[in-house]
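# Observations on chain architecture
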Amino acid sequence: PVLARLFAVYFFVYLSFTGLEGTFALWNRELFGYGQREVGLYFVYIGLLVIAFQGGLIGPFVKRFGEPRTALIGVVTLGLGLATLPAASTPLLVLLPLGLVVFGFSVFGPSVQSLMTQHAADDQKGAIMGVAQSFASGARIAGPALAGYAFVGWGIHWPYFISGFLLIPVALAVLPLIAKNTKRAAP
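Residues numbered from 1 in each chain as written. Predicted model: local features only at pLDDT ≥ 70, side-chain atom pairs only at ≥ 80, totals over all residues. Heavy atoms only, no water.

Across its full length, the protein chain holds 6 helices and 0 strands. The order of α-helices and β-strands along the protein chain, N terminus first, is α-α-α-α-α-α. Relative to its length of 187 residues, the protein chain is compact, with a C-alpha radius of gyration of 17 Å against a globular reference of 16 Å. For the protein chain, the spread of C-alpha atoms along the principal axes amounts to about 60 × 30 × 25 Å. (Helix = DSSP H or I, 4+ residues; strand = E, 2+ residues; numbered from the N terminus. Rg over C-alpha atoms; globule rule 2.2 N^0.38 Å.)

Right, dumping it as structure tokens:
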């Protein structure tokens, strides 16, 4: 049951994040008239943040909060970043919600993968990670398609509103993992 919950959480987080990946360049073109060069600079910013967050921050962060709380912080931060991205009225203001998105996604992935391996039998860890990657691959297919549909059908901001609000029940699904992990750690 814990692994099933983790797979679902993993899927919906990837679904939300890949929706951003699939529409971000289009959103910038529509909102700011930006082309490949300007959007490419945003992706350089994203890459530098990922290096900082996953290269140096994730270890101390998990050590302080534990994997379940880190996963929850990641989901909530990612959701806030996505939901507030449409409020960025200037290109410079995009950096703030984008930073939240990158932080949330960067701390979410490693913490949830760690939780998956903790709840898998020793001889099943590789298989479990393979199943997790299958869920992520499914989300990588569905996320851009659904976000593109919302972008064209409902408006340029809707992929981010939907993704941000979709992560509310996902965050609620992570909460029992915190209690379960606390119970596991008890003597």
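Another point: the side chain of Ser111. You can see Ser111 is positioned in helix H4 (residues 95-119). Only 3.4 Å separates the side chain of Ser111 from the backbone nitrogen of Ala71, close enough to count as a polar contact. Sequence-distant contacts of Ser111, defined by excluding residues within four places in its chain, comprise Glu67, Thr70 and Ala71. (Polar contact = N/O pair within 3.5 Å; in protein donor to acceptor, adjacent residues only side chain to side chain. Contact = heavy atoms within 4.5 Å.)

Grouped together as the largest cluster of nonpolar side chains are 54 residues, with contacts concentrated most on Val13, Leu20, Phe24, Val94 and Met116. Contributions of two or more residues to this core are made by helix H1 (2-32), helix H2 (36-65), helix H3 (67-84), H4, helix H5 (125-153) and helix H6 (158-185). The greatest single-element share of this core, amounting to 14 residues, is contributed by H1. In this view, Met116 contacts Leu3, Leu6, Phe7, Tyr10, Ile128, Met129 and Ala132; residues no more than four positions away in its chain are not counted. (Core = buried A, V, L, I, M, F, W, Y, C linked by side-chain atoms within 4.5 Å. Buried < 20%, exposed > 50% of the residue type's maximum accessible area, 1.4 Å probe, protein only.)

On to the confidence of the model for the protein chain, then. Close inspection of predicted coordinates is inappropriate in any region flagged by low pLDDT. Of all residues in the protein chain, 96% have pLDDT values of 70 or greater, and the mean over the chain is 93. For the protein chain, H6 is the element with the lowest average pLDDT, namely 86, and H3 is the one with the highest, namely 97. Confidence over residues 183-187 falls short of pLDDT 50; this stretch has 2 contacts with residues more than four positions distant or in other chains. (pLDDT = per-residue confidence, 0-100.)

What follows concerns the packing of H4 against H5. Interaxial distance between H4 and H5 falls to 9 Å at its minimum, and their mutual angle equals 140°. Judged by the angle between their axes, H4 and H5 are oblique. H4 and H5 meet at a crossing whose hand is right-handed. For the pair formed by H4 and H5, the contact residues are Gln113, Met116, Thr117 and Gln118 on the first element and Lys125, Ile128, Met129, Ala132 and Gln133 on the second. Residues of the contact of H4 with H5, tallied by class, amount to 4 nonpolar, 4 polar and 1 charged. (Axes fitted to C-alpha atoms, helices over the stretch in contact; angles between N-to-C directions. Parallel < 35°, antiparallel > 145°, perpendicular 65-115°, else oblique. Left-handed = near helix turned anticlockwise from the far one by under 90°. Nonpolar A, V, L, I, M, F, W, Y, C, P; charged D, E, K, R; others polar.)

Moving on, we get to a nonpolar patch on the surface. A grouping of Tyr149, Trp154, Trp158 and Ile162 is seen on the molecular surface, where their side chains present a nonpolar patch of about 480 Å² in accessible area. Looking at the element boundaries, Trp154 is found in the loop between H5 and H6. A relative accessible area of 52% means that Trp154 is categorised as exposed. (Patch = residues over 30% accessible without salt bridge, like charges linked within 9 Å, V, L, I, M, F, W, Y side chains within 5 Å. Areas by Shrake-Rupley, 256 points an atom, 1.4 Å probe, with all protein chains shown as cover. Salt bridge = Lys/Arg side-chain N within 4 Å of Asp/Glu carboxyl O.)

Two numbers describe how H2 lies on H4: the axes approach to 9 Å, and their chain directions differ by 45°. The angle between H2 and H4 falls in the class oblique. The two elements H2 and H4 meet at a crossing, and its hand is right-handed. Contacts from Tyr42, Tyr45, Ile46, Leu49, Val50, Phe53, Gln54, Leu57, Ile58 and Phe61 of H2 reach H4 at Leu95, Leu98, Gly99, Val102, Phe103, Ser106, Val107 and Pro110.

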